[in-house]
Amino acid sequence: MPATPSGSLTAPSRATGRHRSLWMDVWLAFRNHTGALAGAGVFIAIALAVAVGPLIHTVDPHYLDILAKNQGPSLKHPMGTDNLGRDTLAQVLAGGRISLAVGFTAMFIALVLGTLVGVLAGFFRGLDGLLMRLTDMFLALPLLPLLLVVIMLFRDSLRAAFGPETGIFLLVVFIIGITSWMQTARIVRGDVLALREREFVTAARSIGTRRRRIITRHILPNVLSPIMVSATLGIANAIITESALSFLGLGFPPDFPTWGRLLFDGANFISVTPARVLWPGLAISLTVLSVNYIGDGLRDALDPRLRGA
Amino acid sequence: MTHYIVRRLLFAVPTLIAISFILFALLDLAPNDPTGQLPLTIPAEAREQIRESLGLGQPFHIRYARWMEQFFVNEPLNLIEQAFGIEIGDSESRLRVRSWATRSPVVDLIIERLPQTLWVVGLSYLIGILIAVPIGIVSAYRQYSWFDQLGTFVSMIGFSVPTFFTGLLAIIVFSVALQWLPSIYDTTHRVTDLASFWLQIKQMAMPVMVLALFNAAQISRFMRAAVLDNLTQDYVRTARAKGLRERVVLFIHVLRNSLIPVVTLIALGIPTVFGGAIITEKIFRVNGIGELLITAIQGADIPLVQTLSFLFAVLIVLFNLIADVLYGVLDPRIRYG
Amino acid sequence: MTAAEEDRQVEPVAGPASRQPVLSVRDLRTRFRTPDGAVHAVNGIGFDLHEGELLGVVGESGSGKSVTMLSLLKLLPMPPAEIVSGQALLDGEDLLALDPARLRHVRGAKVGFIFQDPMASLNPVLSVGYQLTEPLRTHLGLSRRAARRRAAALLEGVGIPAADSRLGDFPHQFSGGMRQRVMIAMALACDPKVLIADEPTTALDATIQAQILDLLQRLRRERGMAIVWITHDLGVVAGLADRVMVMYGGQAVERADVRSLYARPQHPYTRSLLRALPKIEGGSRGERLASIPGQPPTLVRAPDACPFAPRCAHAFARCHAENPALAAVTESHEVACWYDAEAGVPRAA
Amino acid sequence: MPPEPLVAVENLTKHFPIMRGVLRRKVGSVRAVDGLDFAIHPRETLGLVGESGCGKSTVGRIILRLYPPTAGRVTFRGEDITALQGEALRRLRPHMQMIFQDPQDSLNPRMTVGSIVGEPLREHGEAAGAALRERVEALLEAVGLDPAFANRYPHEFSGGQRQRIGVARALALKPEFIVCDEPIAALDVSIQAQVVNLLKELQERFGLTYLFISHDLRMVRHVADRVAVMYLGKIVELAESDALYEEPLHPYTRALLSAVPTHDPEREARRKRIILEGDVPSPAAPPPGCRFSTRCPVAEPECSQRAPEWRTLRRGHQVACHLAE
Amino acid sequence: STSAQAERGSDGHLKILYWQAVSTVNPYLSGGTKDIEAASLVLEPLARYDDSGTMVPALAADIPTVENGGVAADLMSITWPLRQDIVWSDGTPFTAADVVFSAEYCLNEEMGCNPLSSFTDVTGVEAVDDHTVRIHFGVAKPFPYGPFVGSNAPILQKAQFENCAGARAQTCTAQNFGPIGTGPFKVDEFRANDVVIFSANENYREPGKPAFATVTFKGGGDATSAARAVLSTGEFDYAWNLQIEPEVLEQMVANGQGTLVAGFGTMVERLVVNQTDNDPDLGKDKRSLYLGGTNPHRFLSDPAVRHALSLAIDRQILVDFGYGAAGQVTCNVLPAPPVYASAANDACMTQNIEEANRILDEAGWLPGDDGVREKDGVRLSILYQTSTNSVRQGTQALIKQMWGQIGVETELRNIDAAVFFGGDPASSDTYMKFYADIQMYTNNFDGVDPEAYMANWMCSEIPGPENQWLGGNIARACNAEYDALAAEIAVTASLEERAAIARRMNDIIVQNQYIIPLIWRAKISAHANTLKGVRMNPWDSELWNIADWHR
Ligand SMILES: Nc1ncnc2c1ncn2[C@@H]1O[C@H](COP(=O)(O)OP(=O)(O)OP(=O)(O)O)[C@@H](O)[C@H]1O
Ligand SMILES: Nc1ncnc2c1ncn2[C@@H]1O[C@H](COP(=O)(O)OP(=O)(O)OP(=O)(O)O)[C@@H](O)[C@H]1O
Ligand SMILES: [Mg+2]
Ligand SMILES: [Mg+2]
């Protein structure tokens with residue numbers, strides 16, 4: 001039986017037909033994950049509502065209509081009003097912008113920090129000990145007092161530089177980001193440690209690939225899946241942390257609506273105007289829930305073992 | 001193993017010193033002054049005197065050294081004295097870390113707060129675990145069943161709703177509407193008989209419930225993942241091939257392995273038990289350690305904040321170590337490694 | 001420092017027809033439901049296994065060897081696996097029809113299993129002694145003490161020195177070869193009638209593999225056990241097996257007495273497999289090896305054609321349209337092929 | 001054989017430190033490779049066999065300077081490359097390449113085949129843009145893959161095809177010397193021959209030199225001109241292929257060869273096999289004297305006391321055994 | 001048990017809830033109302049105010065006056081006759097030595113005595129005999145009832161506190177947490193910032209009192225949940241200081257479990273208008289400092305602007321929104337007692353946007369492009385700060401919107417109460433530093449005599465670095481006429497005359513709008529319907545008559 005190298009030129013059966021890229025595979029697997037898909041749907045709906053909603057429901061969230069205070073849902077105020085006559089829907093929409101922005105930005109900071117530390121520690125033996133001790137230390141630092149001190153120290157200078165709202169936004173986002181990167185760093189480091197022993201990295205070295213390229217081309221894309229999962233968890237975590245900060249009076253100024261703040265302010269009025277807590281509460285839960293489901297789906301989709309044959 | 005523990009302990013020391021320094025320095029930087037809380041009528045010289053008596057006004061490094069001495073030498077000595085009723089050295093003139101707000105020694109305040117924190121937060125943690133572990137196991141064993149789907153959903157809800165909201169809801173339902181449970185925790189309540197025990201159960205019910213829901217949500221997710229991981233391992237197939245009962249396979253072979261990561265996770269969570277659950281404590285007026293901390297923070301009671309924070313740091317480092325040791329104890333590959 | 005050099009003699013085995021088979025498998029079909037569609041992993045496999053006989057099962061990766069054997073004891077994850085049809089008679093009982101409780105009494109007691117990866121197949125957190133005594137206590141109802149004694153004897157029997165003192169050790173404290181011996185001891189614990197060994201030496205070094213092969217051969221002689229030996233190495237079964245089943249694409253393509261198979265391979269796949277191997281005796285250097293073009297099938301297609309047809313040099317129209325069944329060439333040799341390789345023409349219908 | 005070897009190693013040694021204790025001090029070392037001397041001549045294939053963990057891969061990796069050696073010297077084309085660093089080392093890379101054992105693991109799952117094969121060219125600035133694409137397609141063609149596969153991802157290929165991608169990558173920079181680290185171990189029997197044939201064909205076409213690492217003695221005999229047998233970090237025997245297989249001198253080589261099954265039931269039934277006792281000792285604590293002495297069927301007291309020297313017997317047949325004649 | 005012969009402690013257990021927890025039971029060490037009121041169960045003064053603001057003897061046998069000879073004719077001393085039947089809860093007799101000690105304890109400069117202001121001008125305290133005490137003043141004191149009147153300066157037991165004088169006061173934890181007193185209860189257990197357990201004092205002078213055997217004095221949480229615990233769930237008998245949005249309170253009251261009690265004292269929620277330039281560019285040495293009138297505020301120094309700001313506010317809306325029955329519209333900083341309340345300013349009670357706009361137009365403040373009024377490049381843009389508190393933030397938002405209607409732009413800012421009211425000279429966020437344009441808070445005074453309170457607004461009281469920003473004239477308004485009146489009242493003895501002067505002083509402040517009064521606030525608390533005998537007292541501790549409480 002003559003066997004030439006080209007004798008096996010027939011395409012592998014998996015690859016026959018339409019071409020599938022890596023992301024296509026991820027998407028296909030993601031699409032099959034009912035929970036993730038529903039989560040993504042809900043999340044997109046929330047994001048859209050928050051982004052576009054204020055253009056449709058054009059009531060100023062800060063406008064006080066004291067004559068219309070504590071109203072139930074009506075056509076004019078679909079979610080009713082608060083005890084100063086502010087429109088709840090407008091506030092939920094405005095609050096969503098902040099809460100989502102906080103979630104995304106804080107997640108992004110945590111992710112960048114965590115990935116950076118994780119990759120450096122995992123890839124460079126010399127840095128590992130130092131960076132991991134640093135990570136341990138951050139994990140051991142009690143966050144709450146730290147938070148307070150940072151707020152006390154920097155609130156005024158930030159406020160002076162960026163105005164009261166942007167200033168506190170930067171502060172909150174920065175604080176949440178800087179206190180939640182450690183888990184990501186640990187996971188990424190573990191993965192990088194394993195990856196650098198993988199043969200394709202050795203192969204890259206034997207080719208003479210520069211270290212920077214090894215990291216960007218071979219290591220980073222392969223730690224993407226834990227990073228993505230950390231990212232979705234990070235968003236949920238940041239939104240919840242922001243609401244806890246509001247509860248403790250350390251977050252945004254009171255006339256600055258965020259979901260956590262609305263929920264907190266509305267809590268006392270739960271029996272007067274239930275809509276005031278129902279909607280922000282629902283918004284937080286739905287967002288966190290949907291993001292969590294997205295994270296679950298992403299994890300399954302990005303992990304080739306879970307993606308199925 | 002011993003080597004390992006010793007090594008970890010040795011590494012913990014510089015970590016803790018670094019943390020203590022950071023905490024001290026950061027809180028020291030904060031624009032606060034113990035005399036800030038004093039009445040305005042006090043003349044400046046008197047203020048200065050009070051500052052002196054509280055050990056301020058010294059250069060930073062001296063204050064730091066003094067605080068370290070108080071924390072690491074004086075307070076432990078006092079505790080030993082109290083515990084054994086003995087007297088070591090001159091206990092009268094020993095400097096103690098004092099709260100600015102109450103002027104009471106910080107350690108006394110903490111000891112006073114510990115019982116309710118341990119009762120409520122600790123119990124909720126325990127109950128959370130007790131709920132979470134079986135749910136995690138069943139969820140994993142019957143993956144994608146309705147039980148699993150429901151469990152996932154409920155635990156995600158538990159995770160995503162802030163406790164200040166669930167707490168309030170619980171009060172409205174169980175205290176206001178049904179009048180079953182007290183909404184205010186009585187820290188001085190003593191259990192002496194069945195009736196008072198029942199009262200204790202009732203007053204703990206809501207805070208414990210709210211916190212347990214939150215804890216269970218998290219732990220059950222981990223448990224499920226761990227069991228799922230192990231269910232597909234080859235040795236499970238081996239166990240089945242030996243003709244073992246499904247129960248034995250699950251509880252002896254799978255569970256043992258799945259508990260390794262979960263137990264360490266649980267150990268890592270224990271410092272948060274001591275740290276209290278600030279929001280829940282505030283809502284139900286459990287007035288435990290968490291409440292102490294937040295009051296101290298809001299009242300700028302720096303020595304109290306410093307001490308509590310550092311205590312948490314010590315606990316976190318300690319339980320990190322315990323978690324690692326547990327890992328070794330549970331996993332022979334590490335124990336004999 | 002002893003050397004065991006021995007003259008290997010194959011035991012005289014009674015002719016297959018003369019006795020009732022211990023295990024008789026008929027028309028076993030197993031499928032996996034996957035998002036990409038059903039994977040037809042096993043398509044109508046059947047074989048007989050007699051007492052004291054060693055059946056070698058050969059085939060390449062993914063040909064369904066493991067799934068076949070795991071199906072017998074329902075050790076597959078179900079779902080996604082599903083046994084579509086089949087019968088597996090052991091002592092007159094159909095294993096595939098047993099209820100879970102009865103099946104447990106077969107697993108480990110009547111049928112022993114040795115898996116490929118000795119590290120992953122032992123529970124890392126339980127001591128070797130515990131894992132060894134488990135089947136003894138479950139099936140034989142031995143006391144803890146008695147089970148331990150028996151376990152020590154078993155370990156001794158598979159050639160682990162100072163067995164008594166090693167019962168408390170954990171799997172990771174054993175070398176790969178020793179772990180595999182522990183697996184063997186575990187499978188033998190209840191003196192099963194049938195032992196299924198799924199590539200038990202693939203993960204081991206050549207000289208250690210030789211030790212294990214030797215051990216199993218000895219045990220088989222001593223206990224008269226029937227063994228199914230799965231491997232992808234035609235060389236291993238040559239010296240070991242009484243009969244060989246060659247699998248391809250979830251089917252048995254050839255089934256024969258060992259000597260007959262190697263002397264007169266019938267199926268084009270078997271033939272090219274034998275040819276693809278370089279000879280240890282040398283002389284092949286400088287030549288190209290005969291290779292089989294193409295790739296193994298993925299089994300997603302329904303088994304309505306010969307699975308080997310796409311790679312077969314002799315394939316003709318019928319091969320792509322009809323799936324051949326095993327047919328006897330001689331008394332002890334069956335093949336599933338539309339092409340008569342010896343004659344060089346298609347078989348008569 | 002030409003007198004000037006392409007690659008030569010002298011006293012090649014690699015000890016991996018074992019860190020233990022309170023301060024992570026070094027408490028010992030895994031003596032993965034312990035004082036090897038051998039040379040590989042141009043256009044030759046040197047087979048390297050031995051059991052798992054005996055140090056075969058480590059040898060290959062030191063020669064390619066993927067690990068720095070603990071001691072000894074590596075020369076390539078007469079140049080001492082033992083101490084090369086940084087850019088100088090990078091410039092050497094194109095001349096020597098490696099093919100890896102695991103065709104799945106040695107390809108980055110998130111890069112397309114084209115970028116994997118093209119990476120060495122890009123890294124060394126050999127080609128870019130359309131020229132790069134052309135070179136990649138030519139390489140894929142050379143290893144028998146459809147150039148249209150360049151846009152696909154590794155997971156879309158079979159094991160044999162993946163191994164071809166690895167070969168194409170190794171060939172990209174036109175090296176003279178390739179270390180093949182168990183290139184067929186992970187492949188199915190029916191596929192192995194395809195890859196071996198390809199390697200031989202390329203060797204003929206481009207005049208390549210191979211260090212062929214494998215534990216498949218049968219395949220090594222088919223491929224290699226000379227064969228070195230390793231045991232626990234040492235080469236115990238090195239000879240022309242036929243000489244080694246027909247007349248093994250070292251007892252370990254003999255045991256190894258006897259363990260290789262023939263696929264002939266008749267012969268198997270008659271064959272004498274040497275079954276060794278015991279397990280391979282740990283390379284962290286190799287036995288004194290001859291390392292094989294703990295399992296050697298013919299060992300004498302001397303063996304466990306004195307390490308045998310490296311002797312050349314007839315026809316360049318080298319062996320390290322006190323008893324070999 | 002309503003009869004006077006009822007047995008002591010027969011009504012069992014009383015549960016009081018203060019949403020701010022007690023941090024010490026020694027009122028000399030704390031200015032917090034919660035601490036002073038908790039201590040008032042145990043420690044008693046010589047005299048106290050009843051719920052009508054009338055002074056009544058407590059440990060004193062009688063109230064000394066000039067008429068009965070208790071107060072010296074030259075007003076330089078006061079002589080208190082002490083009751084002879086009083087014993088401390090430990091059974092030892094109460095004597096003049098305890099009073100003398102208490103005065104010395106507070107006057108010791110090293111201890112940081114909180115109610116030191118009560119002892120202003122005291123030069124000495126002497127025990128005339130065992131049951132007579134004489135207090136000497138350095139100046140003539142027409143109102144000599146500062147020391148030991150009211151709950152913030154009660155009598156400590158000398159025997160207990162002897163070793164806690166001066167700097168040691170801070171560290172006497174056992175004493176500070178469990179002072180021995182003469183009041184109806186004694187401290188059983190104290191947990192800082194959590195709870196105090198009291199039990200009836202067996203040695204209390206009035207037989208059969210108190211009716212309750214034990215009291216739990218719980219702290220922590222927030223006002224709403226405190227109200228809920230009394231009004232909705234009935235877990236507690238008494239909840240203090242329920243500053244909650246009225247609709248929430250109303251709903252709770254509707255449950256029928258409890259009753260609200262309110263008492264109007266002198267608390268006024270007000271806007272303080274900065275009269276000095278607070279431009280951040282001025283730097284530490286000039287910003288918000290009164291420099292003899294050389295750096296007036298850019299626009300708030302214009303009376304027209306101040307007047308317009310006041311006119312634009314609809315105070316009734318503020319009351320309806322945040323106070324309900326617990327607040328009244330007011331235009332005076334000194335709203336009570338009735339004789340002191342001026343009627344000259346009632347015009348401000350109704351909002352008048354038109355008038356406000358007219359005043360601004362007239363004064364040349366004209367709307368710019370963005371609707372904000374400006375003049376000579378100065379925009380009417382106000383930084384308006386207050387402490388963090390949801391009612392205050394609501395008020396801020398409402399006022400911001402009202403001012404918007406007269407073309408005034410407002411930036412809101414809120415600062416944590418601990419910082420805002422804290423005395424840290426280094427912080428720039430305290431109300432004393434006043435780096436904002438306008439700030440809002442409540443102030444009041446203890447007792448019924450406004451002399452000391454009104455003296456706050458003299459020129460010499462303007463905060464600044466010389467006095468560590470401790471002056472009370474936060475608005476930094478210096479008015480010569482006002483200073484003259486202040487000097488006059490200090491030497492006027494007749495009540496009518498004093499009242500007339502005080503009203504005059506009040507008018508100067510509010511008619512110049514240095515301070516814009518908004519709401520006269522009541523103390524508001526709730527008690528269970530089963531709890532009887534509660535008489536809300538805005539002039540003293542609201543637990544002043546706890547000995548009379550019963551079921
Ligand atoms: N859980 C599963 N889900 C889907 N397909 C599966 C599953 N397990 C096995 N298969 C498929 O069943 C087929 C047969 O697998 P099996 O494990 O029996 O092969 P094998 O002959 O034992 O191969 P090897 O020599 O690699 O062990 C393969 O094509 C495999 O992809
Ligand atoms: N990076 C490393 N760190 C520590 N020890 C190592 C390292 N790499 C290899 N070793 C050890 O060195 C010895 C030789 O390893 P090597 O990989 O060279 O063996 P090998 O002959 O290639 O084995 P195999 O056939 O399993 O690939 C082994 O004992 C291994 O555990
Ligand atoms: Mg298999
Ligand atoms: Mg290797």
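Conventions used here
Residues numbered from 1 in each chain as written. Chains lettered and ligands numbered in written order. Predicted model: local features only at pLDDT ≥ 70, side-chain atom pairs only at ≥ 80, totals over all residues. Heavy atoms only, no water. Helix = DSSP H or I, 4+ residues; strand = E, 2+ residues; numbered from the N terminus. Buried < 20%, exposed > 50% of the residue type's maximum accessible area, 1.4 Å probe, protein only. Contact = heavy atoms within 4.5 Å. Areas by Shrake-Rupley, 256 points an atom, 1.4 Å probe, with all protein chains shown as cover. Axes fitted to C-alpha atoms, helices over the stretch in contact; angles between N-to-C directions. Parallel < 35°, antiparallel > 145°, perpendicular 65-115°, else oblique. Left-handed = near helix turned anticlockwise from the far one by under 90°. Buried area = accessible area lost by both parts, 1.4 Å probe. Nonpolar A, V, L, I, M, F, W, Y, C, P; charged D, E, K, R; others polar. Salt bridge = Lys/Arg side-chain N within 4 Å of Asp/Glu carboxyl O. Disulfide = S-S within 2.5 Å. Near = heavy atom within 4 Å. Polar contact = N/O pair within 3.5 Å; in protein donor to acceptor, adjacent residues only side chain to side chain. Patch = residues over 30% accessible without salt bridge, like charges linked within 9 Å, V, L, I, M, F, W, Y side chains within 5 Å. Pairing = 2+ DSSP bridges. Phe/Tyr/Trp six-rings, centres within 6.5 Å; stacked < 30°, edge-to-face > 60°. Lys NZ or Arg CZ within 6 Å of the ring centre and 35° of its normal. Expected span 1.5 Å × (residues − 1).

Asker: Sorry if this is basic, but what is going on with the overall build of chain B here?
Answerer: Check the secondary structure of chain B and you find 13 helices and zero strands. For chain B, the succession of helices and strands along the chain, N to C, is α-α-α-α-α-α-α-α-α-α-α-α-α. The buried share of chain B, reckoned over its 337 residues, is 55%. Within chain B, residue pairs in contact and separated by at least 24 positions form 69% of the contacts whose partners lie at least 6 positions apart. Counting only carbon and sulfur atoms, one obtains 69% of the accessible surface of chain B, whose full area is about 14,300 Å².

Asker: Hey, could you run me through the packing of helix α11 (residues 289–298) of chain B against helix α12 (residues 302–330) of chain B in this one?
Answerer: Packed helices, taken two at a time, are described by the angle their axes make and the gap between the axes. Residues and elements named next belong to chain B. With their axes 9 Å apart at the nearest point, α11 and α12 run at an angle of 140 degrees to one another. Taken together, α11 and α12 sit at an angle that is classed as oblique. The element α11 and its partner α12 pack so that their crossing is left-handed. Across the interface between the two elements, Ile289, Leu292, Leu293, Ala296 and Ile297 from α11 touch Leu304, Val305, Leu308 and Phe312 from α12.

Asker: Looking at this structure, how should I read the interface of chain D and chain C?
Answerer: It is common to give the size of an interface as the accessible area lost on bringing the parts into contact. Taken together, the contact between chain D and chain C spans 55 residues of the former and 53 residues of the latter. Looking only at chain D, the three residues that lose the most surface to chain C are His263, Arg273 and Ile275 of chain D, adding up to 15% of its buried area. Listed by contribution, the elements that provide at least two residues to the side of chain D that touches chain C are α6 (189–206), α7 (217–223), α8 (241–246), α9 (251–259), α10 (265–270) and β11 (272–275) of chain D. Residue contributions to the side of chain D that touches chain C peak at nine residues, all from α6 of chain D. Looking at side-chain class alone, the side of chain D that touches chain C contains 22 nonpolar, 13 polar and 20 charged residues.

Asker: Quick question: what am I supposed to make of the pattern of salt bridges here?
Answerer: Close approach of charged atoms allows side chains of opposite charge to pair. Throughout the structure, instances matching the rule amount to 78 salt bridges over all chains. For Arg198 of chain A, the salt bridge identified is with Asp105 of chain D, shortest N-O distance 2.1 Å. Of this pair, Arg198 of chain A sits in the loop between α7 (182–196) and α8 (199–207) while Asp105 of chain D sits in the loop between β6 (96–99) and α3 (113–123), on two different chains. One network of salt bridges, with partners in common, ties together Arg210, Arg213 and Arg217 of chain A together with Glu87, Arg90, Glu119 and Glu123 of chain D.

Asker: So what exactly am I meant to see when it comes to the environment of Ala203 of chain C here?
Answerer: Residue and element names in this part refer to chain C. Within the secondary structure, Ala203 sits in the loop between β8 (194–198) and α7 (206–223). Residue classification places Ala203 among the exposed residues on the basis of a relative accessible area of 52%. Separated by 23 residues in the primary sequence, Ala203 and Gln180 place their C-alpha atoms 9.5 Å from one another. When near neighbours in sequence (up to four residues on either side) are disregarded, Ala203 contacts Gln116 and Pro118.

Asker: Would you mind going over the state of the cysteines with me for this structure?
Answerer: Two cysteines joined by a covalent bond between their sulfur atoms form a disulfide. Taken as a whole and judged by the stated rule, the model has four disulfides over all chains. Across the disulfide from Cys106 of chain E sits Cys113 of chain E; the S-S distance is 1.8 Å. Classification of the bridge connecting Cys106 of chain E and Cys113 of chain E rests on its S-S torsion, roughly -90 degrees, and on that basis the disulfide is left-handed. We note that Cys106 of chain E, like Cys113 of chain E, is buried. Among the cysteines around Cys296 of chain D, which has no disulfide bond, Cys303 of chain D carries the closest sulfur, lying 6.0 Å off. Judged by its relative accessible area of 5%, Cys296 of chain D falls in the buried class. Cys290 of chain D supplies the cysteine sulfur nearest to Cys303 of chain D, a cysteine that is in no disulfide, at a spacing of 5.8 Å.

Asker: Could you clarify how one ought to interpret the site of ligand 2 in this entry?
Answerer: Residues and elements named next belong to chain D. Around ligand 2 sit 14 residues, and of these Ser52, Gly53, Lys56, Ser57 and Thr58 come closest. One of the side-chain nitrogen or oxygen atoms of Ser52 is found 2.7 Å away from an oxygen atom of ligand 2. A distance of 3.1 Å is found between an oxygen atom of ligand 2 and a side-chain nitrogen or oxygen belonging to Glu182. Considered on its own, ligand 2 offers 620 Å² of accessible surface; in the complex 66% of this is hidden by protein. Among the elements of the structure, β2 (25–40) and α1 (56–63) are those that each provide at least two residues to the shell around ligand 2.

Asker: Just checking my understanding: could you explain a nonpolar patch on the surface for this structure?
Answerer: Taken together, the side chains of Ile44, Leu48, Val52, Leu55 and Ile56 of chain A define a hydrophobic patch exposed on the protein surface, amounting to about 520 Å² of accessible area. Within the secondary structure, Leu55 of chain A sits in helix α2 (residues 34–56).

Asker: So what exactly am I meant to see when it comes to the site of ligand 1 here?
Answerer: All names here are of chain C. Close to ligand 1 lie 13 residues, the nearest being Ser61, Gly62, Ser66, Val67 and Glu199. In this structure, an oxygen atom belonging to ligand 1 sits 2.7 Å away from a side-chain N or O atom of Ser61. Here an oxygen atom of ligand 1 and a side-chain polar atom of Glu199 are 2.8 Å apart. Burial of ligand 1 by the surrounding chains reaches 69%, relative to a free accessible area of 640 Å². Contributing elements (two or more residues each) for the shell around ligand 1: β2 (23–34) and α1 (65–72). Residue contributions to the shell around ligand 1 peak at three residues, all from α1. Each residue belonging to the shell around ligand 1 can be placed in one class, and the counts come to four nonpolar, six polar and three charged.

Asker: When you look at the sheet that holds strand β7 (residues 177–181) of chain D in this model, what are you seeing that I'm missing?
Answerer: Whenever strands of a sheet pair, they do so through backbone hydrogen bonds, lying parallel or antiparallel. Residue and element names in this part refer to chain D. Reading across from one edge, β6-β7-β8-β3-β9-β10-β13-β12 is the order of the eight strands in this open sheet, with mixed pairing throughout. Edge strands, defined here as strands with exactly one partner in the open sheet, are β6 and β12 (311–313). Mean inter-strand twist for the sheet, computed between neighbouring axes without regard to direction, equals 20 degrees. Across the sheet, α9 is in contact with β3 (45–50), β9 (226–231) and β10 (234–240); its angle to β9 comes to roughly 105 degrees.

Asker: Explain the sheet that holds strand β6 (residues 93–94) of chain C here, please?
Answerer: Residue and element names in this part refer to chain C. Sheet architecture is open: four strands sit in the order β3-β2-β5-β6, paired in antiparallel fashion. Looking at strand neighbours, the two that pair on one side only are β3 (37–49) and β6, the edges of this open sheet. Pairing of β2 with strand β5 (residues 81–90), which is carried by eight bridges, proceeds in the antiparallel orientation. What sits directly across from Arg26, in β5, is Gln87. With respect to the sheet, α1 is in contact with β2, β3 and β5, its orientation differing from that of β2 by roughly 110 degrees.

Asker: Can you walk me through the arrangement of the chains in this structure?
Answerer: In this assembly, eight pairs of chains are in contact, and the pair with the greatest number of contacts comprises chains C and D. The closest approach of any C-alpha atom in chain C to one in chain E is 48 Å; the two make no contact. In this view chain D stays clear of chain E, with the nearest C-alpha atoms of the two still 45 Å from each other.

Asker: Quick question: what am I supposed to make of the pairing of strand β10 (residues 243–248) of chain C here?
Answerer: Looking down a regular strand, the side chains alternate between one sheet face and the other. All names here are of chain C. With respect to burial, β10 is a largely interior element, six of its six residues being buried. Alternating residues of β10 divide into Arg243, Met245 and Met247 and Val244, Val246 and Tyr248, and every residue in both groups is buried. Bridge count for strand β4 (residues 54–59) against β10 is five bridges, and the pairing is parallel. Of the residues in β10, the one forming a bridge with Val58 is Val246.

Asker: Quick question: what am I supposed to make of the packing of aromatic side chains here?
Answerer: The geometry of two aromatic rings is summed up by the distance between their centres and the angle between their planes. By the definition in use, this model includes 41 aromatic pairs over all chains. On the basis of an interplanar angle of 40 degrees and a centroid distance of 5.7 Å, the ring pair of Trp19 of chain E and Trp240 of chain E is categorised as tilted. With a gap of 221 residues between them, Trp19 of chain E in the loop between β1 (13–18) and α1 (33–39) and Trp240 of chain E in the loop between β10 (238–239) and α6 (246–253) connect regions that are remote in the sequence. Taking the relative accessible area as the measure of exposure, Trp240 of chain E reaches 4% and is therefore buried. Ring geometry for Phe143 of chain E against Tyr145 of chain E: centres 5.2 Å apart, planes inclined by 80 degrees, an arrangement best described as edge-to-face. With a relative accessible area of 11%, Tyr145 of chain E lands in the buried category. Among the aromatic residues, ring-to-ring pairing joins Phe21, Phe24, Tyr64, Trp67 and Phe310 of chain B into one connected group. Sitting above the plane of the Trp338 of chain C ring, Arg318 of chain C keeps its charged end 3.6 Å from the centroid. Lying over the aromatic face of Phe236 of chain E, Lys15 of chain E brings its terminal NZ or CZ to 4.8 Å of the ring centre.

Asker: I would appreciate a short explanation of the pairing of β1 of chain E in the present structure.
Answerer: As judged from the six bridges shared by β1 of chain E and strand β9 (residues 214–219) of chain E, these two strands associate in the parallel manner. Bridge pairing in β9 of chain E links Tyr18 of chain E to Gly219 of chain E.

Asker: For this particular structure, what's the right way to read helix α5 (residues 146–160) of chain B?
Answerer: Side chains of residues three or four places apart in an α-helix project in the same direction, reflecting 3.6 residues per turn. Taking 1.5 Å per residue, 15 residues should reach 21 Å; α5 of chain B reaches 21 Å between its end C-alpha atoms and fits that length. Buried residues of α5 of chain B: Asp148, Gly151, Thr152, Ser155, Met156, Gly158 and Ser160 of chain B, and no others. Those residues of α5 of chain B that are buried lie in contact with α10 (224–247) and α12 (275–302) of chain A together with α4 (106–141) and α7 (194–231) of chain B.

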